Amino acid sequence: MIEHGTPIRTRAWAPAGRALALATAVAVAATGLAPAPPAQAQNAPRGLPIIRDTEIEQLLRDYAQPILRVAGLAKQNVRVVVLGDRTFNAFVMDGRHIFINAGALFDAKTPNEIIGVFAHETGHLAGGHLMKLREQLATAQTASIIAMLAGVGAMVAGARAGAGNVGMAAIMAPQSAIQRSLLAYVRTQEDQADHAGVKFLNATGQSSKGMVELFTRLANESLFNSRYIDPYLQTHPMPAERVAALAALAKASPNWNRTDSPELQLRHDMMRAKLSGFLDKPDTVARRYRLGDHSLPARYARAISAYRHSGLKPALVLIDELIQAQPNNPYFFELKGQALLEGGRPADAVAPLRRAAQLSHGAALIEIMLAQALNATNNKAVAEEAAGLLRSAILREPEAPEAYAQLAMAYGRKGDLANADLAAAQAAFTRGDIVTARQLAARAKTRLPVGSPAWVRADDIVNVKPPKARNTPN
Ligand SMILES: [Zn+2]
């Protein structure tokens, strides 16, 4: 599992081009509301650490896919992105991603609760709701809502970035009335998403009980804890009548009493153990997973916590015990490899990572880590193997900066400076550092045969305009 300080790349956050513009134009006509201008939209979730982990992503894909399929969104390649934040939150913004906080994954005791959250969020996606508006409400900043409303005029006038400056004069209604209509609008969207969510769960033969129980818990939280509430409640107001209506709808389903399979529950518990091991302090892990608890999740959490905080030696003992318990679990080998790699023993990390890559049928993130271990051995003989793994992984993970950085290193070791420059340029580009990306790409062009595929890629980067100068969001 790895955490990134900067999520994907900056322009991935811009509204999804024409499709979204169309959806919002319709919504504007219907309600008089508008989304934030693109310049603001780009900045929204920046700086939030993204958690990348094959085991967790695979599980969440298994949660989300059946729902997305019955919602008719299977072809849109909606990705679930895990944010390294301990509060409870889940949201959609651009029609291509469902964001969920590690805190929500950890709070949810059953797969069904998270599947319920996904069903509800998919309801927002399928309904084409104004995600940016909801996100703005989450920050509860009147100023930004007003700036956003100012965008109405700008949008109608066909203006682009900088729409926020169009002026307050565009707003005729008093602020409180605007807020009331915004809230009423959000409430309507919530009811629609609840209904759609139950429909999707029914269509997949699953219970909506998890969604009801989760929302009931959150509604109670908002009643009894006014000092601090989870961000989810700010975008998802939970008045009692909403939860009651949802419960009535859900209980009417023949699936109400269906439960998750024990296998799925175990995968869920392993995910929670992993998140705790990686994100919690050792004493918190020790409190959550008491020493007398010999379950696999408890041992997983303790092994991860040991590698993070107690050093390699005690960690390896615990990890090897896990491998003994499940000799075909790719993620135990991945953990062993990661512990060895980060513990300064890259040569020893290679074998377990190879095994993890094999057992996971070539999971891209694991192959990237294997290539990183190969690179770190400083052995020129394995540089081509590392480069091959990375080229293949990048086809599936085209926005992973560390894959390009490792690829640059592998090419450098082989003495292929032209491709090293190009890969380094791509690494900078995916990090959002356009200036460095262009410099490196320009140098790569001088070293590559003019017109070759690599030269064309370098040329594309040289011609990229910095985000602020972009006129068309994509
Ligand atoms: Zn909602």
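So, a few notes on the structure that sits alongside this text. (Residues numbered from 1 in each chain as written. Predicted model: local features only at pLDDT ≥ 70, side-chain atom pairs only at ≥ 80, totals over all residues. Heavy atoms only, no water.)

1. What to know about unusual backbone geometry
At step 1: One non-glycine residue, His361, lies in positive phi territory at about 55°.
At step 2: On the secondary structure map, His361 appears in the loop between helix 17 (346–359) and helix 18 (364–376).
At step 3: The exposed category is assigned to His361, whose relative accessible area is 73%.
At step 4: The backbone of Asn378 shows a phi angle near 55°, a positive value even though the residue is not glycine.
At step 5: On the secondary structure map, Asn378 appears in the loop between helix 18 and helix 19 (383–396). (Helix = DSSP H or I, 4+ residues; strand = E, 2+ residues; numbered from the N terminus. Buried < 20%, exposed > 50% of the residue type's maximum accessible area, 1.4 Å probe, protein only.)

2. A few points about the packing of helix 17 against helix 18
Packed helices, taken two at a time, are described by their axes: the angle between them and the distance between them.
At step 1: Remark: helix 17 packs on helix 18, axes separated minimally by 9 Å, with the N-to-C direction vectors making an angle of 155°. With respect to helix 18, the axis of helix 17 lies roughly antiparallel. Considering only the axes of helix 17 and helix 18, their crossing is left-handed. Residues Pro346, Ala349, Val350, Leu353, Arg354, Ala356 and Ala357 of helix 17 lie in contact with helix 18, whose contacting residues are Ile366, Glu367, Met369, Leu370, Ala373, Leu374 and Ala376.
At step 2: Looking at the contact of helix 17 with helix 18, its residues break down into twelve nonpolar, no polar and two charged. (Axes fitted to C-alpha atoms, helices over the stretch in contact; angles between N-to-C directions. Parallel < 35°, antiparallel > 145°, perpendicular 65-115°, else oblique. Left-handed = near helix turned anticlockwise from the far one by under 90°. Contact = heavy atoms within 4.5 Å. Nonpolar A, V, L, I, M, F, W, Y, C, P; charged D, E, K, R; others polar.)

3. Some words on the packing of aromatic side chains
At step 1: A full pass over the atoms with the stated rule returns three aromatic pairs.
At step 2: Here Tyr300 and Phe332 contribute two aromatic rings whose centre-to-centre distance is 5.2 Å and whose plane-to-plane angle is 70°, an arrangement assigned as edge-to-face. Of this pair, Tyr300 sits in helix 14 (residues 296–309) while Phe332 sits in helix 16 (residues 330–342); the two residues are 32 residues apart in sequence, bridging distant segments of the chain.
At step 3: For Tyr300, a relative accessible area of 1% translates into the label buried.
At step 4: Here the basic side chain of Arg272 rests over the ring of Phe106, its NZ or CZ set 5.2 Å away from the ring centre.
At step 5: Directly above the ring of Phe333 sits Arg355, whose terminal nitrogen or CZ lies 5.8 Å from the centroid. (Phe/Tyr/Trp six-rings, centres within 6.5 Å; stacked < 30°, edge-to-face > 60°. Lys NZ or Arg CZ within 6 Å of the ring centre and 35° of its normal.)

4. Quick look at the side chain of Asp194
At step 1: Looking at the element boundaries, Asp194 is found in helix 8 (residues 175–203).
At step 2: Among the polar contacts made by the side chain of Asp194, one reaches the side chain of His120 at a distance of 2.8 Å.
At step 3: Not counting residues within four places of it along the chain, the set of residues in contact with Asp194 comprises His120, Met211, Phe215, Arg242 and Leu246. (Polar contact = N/O pair within 3.5 Å; in protein donor to acceptor, adjacent residues only side chain to side chain.)

5. Details of the pairing of strand 5 (residues 97–101)
At step 1: Buried residues dominate strand 5, accounting for five of its five residues.
At step 2: Residues His97, Phe99 and Asn101 point to one face of strand 5 and Ile98 and Ile100 to the other, with burial holding for every one of them.
At step 3: By the bridge criterion, five bridges tie strand 3 (residues 79–83) to strand 5 in an arrangement that is parallel. Considered in strand 5, the bridge of Arg79 is made with His97.
At step 4: In this structure, strand 4 (residues 90–92) lies alongside strand 5, joined through three bridges in antiparallel fashion. Pairing of Ala90 across the sheet is with Ile100, part of strand 5. (Pairing = 2+ DSSP bridges.)

6. Let's talk about the side chain of Ser276
At step 1: Within the fold, Ser276 resides in helix 12 (residues 262–279).
At step 2: A polar contact is formed between the side chain of Ser276 and the side chain of Asp280, at a distance of 2.7 Å.
At step 3: Discounting residues that sit within four places of it in the chain, Ser276 has contacts with Phe106, Val285, Arg288 and Tyr289.

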